[in-house]
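In case you want the letters, here they are:
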Amino acid sequence: MDTTPAGDIRDKLIIGLDVPSVDEARRIVGRIGDAATFYKIGYQLAYAGGFDLARDLIADGKKVFLDLKLHDIGNTVEEGVRSVARLGATLLTVHAYPQTMRAAVAGKAGSPLKILAVTVLTSYDEQDLLEAGYAPGTKPADLVARRAGQARDLGVDGIVCAAPEAERVRAVVGPDRLIVTPGIRPAGADAGDQKRVVTPAEGIRLGADHLVVARPIVKAADPRAAAEAIVNDIAQAAA
Ligand code: C5P
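The following refers to the structure shown.

Criteria and thresholds
- Residues numbered from 1 in each chain as written.
- Predicted model: local features only at pLDDT ≥ 70, side-chain atom pairs only at ≥ 80, totals over all residues.
- Heavy atoms only, no water.
- Helix = DSSP H or I, 4+ residues; strand = E, 2+ residues; numbered from the N terminus.
- Rg over C-alpha atoms; globule rule 2.2 N^0.38 Å.
- Buried < 20%, exposed > 50% of the residue type's maximum accessible area, 1.4 Å probe, protein only.
- Contact = heavy atoms within 4.5 Å.
- Areas by Shrake-Rupley, 256 points an atom, 1.4 Å probe, with all protein chains shown as cover.
- Lys, Arg positive; Asp, Glu negative; His and termini not counted.
- Charge placed at Lys NZ, Arg CZ, Asp CG, Glu CD.
- Phe/Tyr/Trp six-rings, centres within 6.5 Å; stacked < 30°, edge-to-face > 60°.
- Near = heavy atom within 4 Å.
- Polar contact = N/O pair within 3.5 Å; in protein donor to acceptor, adjacent residues only side chain to side chain.
- Axes fitted to C-alpha atoms, helices over the stretch in contact; angles between N-to-C directions.
- Parallel < 35°, antiparallel > 145°, perpendicular 65-115°, else oblique.
- Nonpolar A, V, L, I, M, F, W, Y, C, P; charged D, E, K, R; others polar.
- Core = buried A, V, L, I, M, F, W, Y, C linked by side-chain atoms within 4.5 Å.
- Pairing = 2+ DSSP bridges.
- Right-handed = clockwise from strand over helix to strand, strands pointing away.
- Salt bridge = Lys/Arg side-chain N within 4 Å of Asp/Glu carboxyl O.

1. Some thoughts on the overall build of the protein
So, step 1. In terms of regular secondary structure, the protein is built from 10 helices and eight strands.
So, step 2. The globule rule puts the C-alpha radius of gyration for 239 residues at 18 Å, and the 17 Å found for the protein is close to it.
So, step 3. By the burial criterion, 49% of the 239 residues in the protein qualify as buried.
So, step 4. Taking the contacts inside the protein whose residues are at least 6 apart along the sequence as the reference set, 65% of them involve residues at least 24 apart.
So, step 5. For the protein, the exposed area adds up to about 11,200 Å²; of that, 51% sits on carbon and sulfur atoms.
So, step 6. Of the side chains in the protein, 29 bear a positive and 31 a negative charge, and the two mean positions are spaced by 2 Å.

2. So, the packing of aromatic side chains
So, step 1. Across all of its chains, the model carries one aromatic pair by this definition.
So, step 2. Judged by centre distance (6.0 Å) and plane angle (45°), the ring pair of tyrosine 43 and tyrosine 47 falls under tilted. Highlighted residues: tyrosine 43 and tyrosine 47, both in helix α2 (residues 43-59), separated by four residues, approximately one helical turn.

3. Digging into the site of the ligand
So, step 1. The ligand sits among Asp18, Lys40, Thr122, Pro182, Arg185, Gln194, Val212, Val213, Ala214, Arg215 and Pro216.
So, step 2. Between the ligand and lysine 40, the relevant distance is 2.8 Å, taken from an oxygen atom to a side-chain nitrogen or oxygen of the residue.
So, step 3. Take arginine 215: an N or O atom from its side chain is 2.7 Å from an oxygen atom of the ligand.
So, step 4. Protein chains shield 80% of the accessible area of the ligand, which is 460 Å² for the free molecule.
So, step 5. Every element with two or more residues in the shell around the ligand is listed here: β8 (210-213) and α9 (215-218).

4. Observations regarding unusual backbone geometry
So, step 1. Backbone geometry places lysine 69, a non-glycine residue, at a positive phi of 40°.
So, step 2. A residue is classified by how much of its surface remains accessible, and lysine 69, at 23% relative accessible area, is partly exposed.

5. Concerning the packing of helix α1 (residues 22-32) against α2
So, step 1. Contact geometry for α1 and α2: axes closest at 9 Å, N-to-C directions at 40°. Regarding the angle of α1 to α2, the classification is oblique. In this structure, α1 uses Val22, Ala25, Arg26 and Val29 to contact α2, whose residues at the interface are Leu45, Ala48, Gly49, Gly50, Leu53, Asp56 and Leu57.
So, step 2. Looking at side-chain class alone, the contact of α1 with α2 contains seven nonpolar, two polar and two charged residues.

6. Description of the nonpolar core
So, step 1. Ranked by internal contacts, the top residues of the largest apolar core, which has 66 residues, are Leu13, Ile15, Leu17, Ile32, Ile41, Leu66 and Ile217.
So, step 2. Once residues lying within four places of it in the same chain are set aside, the contact partners of leucine 13 are Phe38, Leu211, Val213, Ile217, Ala227, Ile230, Val231 and Ile234.

7. What to know about the pairing of strand β5 (residues 114-118)
So, step 1. Of all five residues in β5, four are buried, a share of seventy percent or more.
So, step 2. In terms of strand pairing, strand β4 (residues 91-95) meets β5 through five bridges, oriented parallel. Residue histidine 95 lies in a different strand from β5, and its bridge partner there is valine 118.
So, step 3. Crossover handedness for the path β4 to helix α4 (residues 98-107) to β5: right-handed.
So, step 4. The sheet contact formed by β5 and strand β6 (residues 158-160) spans three bridges and is parallel. Paired with alanine 117 across the two strands is isoleucine 159, which belongs to β6.

8. Comments concerning the environment of isoleucine 41
So, step 1. Here isoleucine 41 lies in strand β2 (residues 38-41).
So, step 2. Here the alpha-carbon distance between isoleucine 41 and proline 223, two residues 182 residues apart in the chain, equals 17 Å.
So, step 3. Excluding residues that lie within four positions of it along the chain, isoleucine 41 makes contacts with Leu17, Ala46, Gly50, Leu53, Ala54, Leu57, Val64, Phe65, Leu66 and Asp67.

9. Details of the pattern of salt bridges
So, step 1. Across all of its chains, the model carries 16 salt bridges by this definition.
So, step 2. Residue aspartate 11 is joined to lysine 63 by a salt bridge in which the shortest nitrogen-to-oxygen separation is 3.0 Å. Residue aspartate 11 is found in the segment before β1 (13-16), and its partner lysine 63 is found in strand β3 (residues 63-70); the two are separated by 52 residues along the sequence. Comparing aspartate 11 with lysine 63, the two get one shared label, buried.
So, step 3. Between arginine 152 and aspartate 153 there is a salt bridge, and its shortest N-O distance comes to 2.9 Å.
So, step 4. You can call arginine 152 partly exposed: its relative accessible area is 30%.
So, step 5. What makes aspartate 153 exposed here is its relative accessible area of 59%.

Rendered as structure tokens:
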């Protein structure tokens, strides 16, 4: 059962459990305690026992974002999403192809699960799109806007995008869809392989509803303090 009070500011922070084992993830979640309410499980942990962890987190009243970036034939996506909805996850990603998004929206019907569309992977530039068979001159930013519009029209609940894209995506999807943004670094933190980072406060000001933060918390000497500092930053920006 979810015990998080409605409108809890902690819900704005989604901690990416990007660690290799469920044991390590459980240790981190235990240390963070009630400083956070929302966790993301991606490929690395999902394929290493992460679904059992997801069930346990949900049973403990936490929210879970399954970052599975689904994409398959419609029937397979729809049934897969139905299983994720039964598990009790709060957020699930799919790639923003119209057939896939339509199937995902059908699969979550009647459940509180929200579908997020990944428009264009941020590791893709114009050359990658050309190599993948897109028309010469196709720009990632234009494809992001086009797919965000399709996601909105098909009833998808939100979009994952980098903070610098959030304003443009918001203009396309309107106020009612979720914008979820990775690439967040507290002031002074190591950017790692993220190229365009913003602080938590900037992410909120740019229009993100939720921020995804992994390394600055899961690799911190004190993950609880790191999470608390980010929630405070969010609270100040949201005030
Ligand atoms: O460690 P860090 O805070 O950079 O992790 C960000 C999380 O967000 C990772 O789980 C990463 O896979 C995810 N993500 C991202 N950039 C995207 C999409 C997802 O960093 N464009």
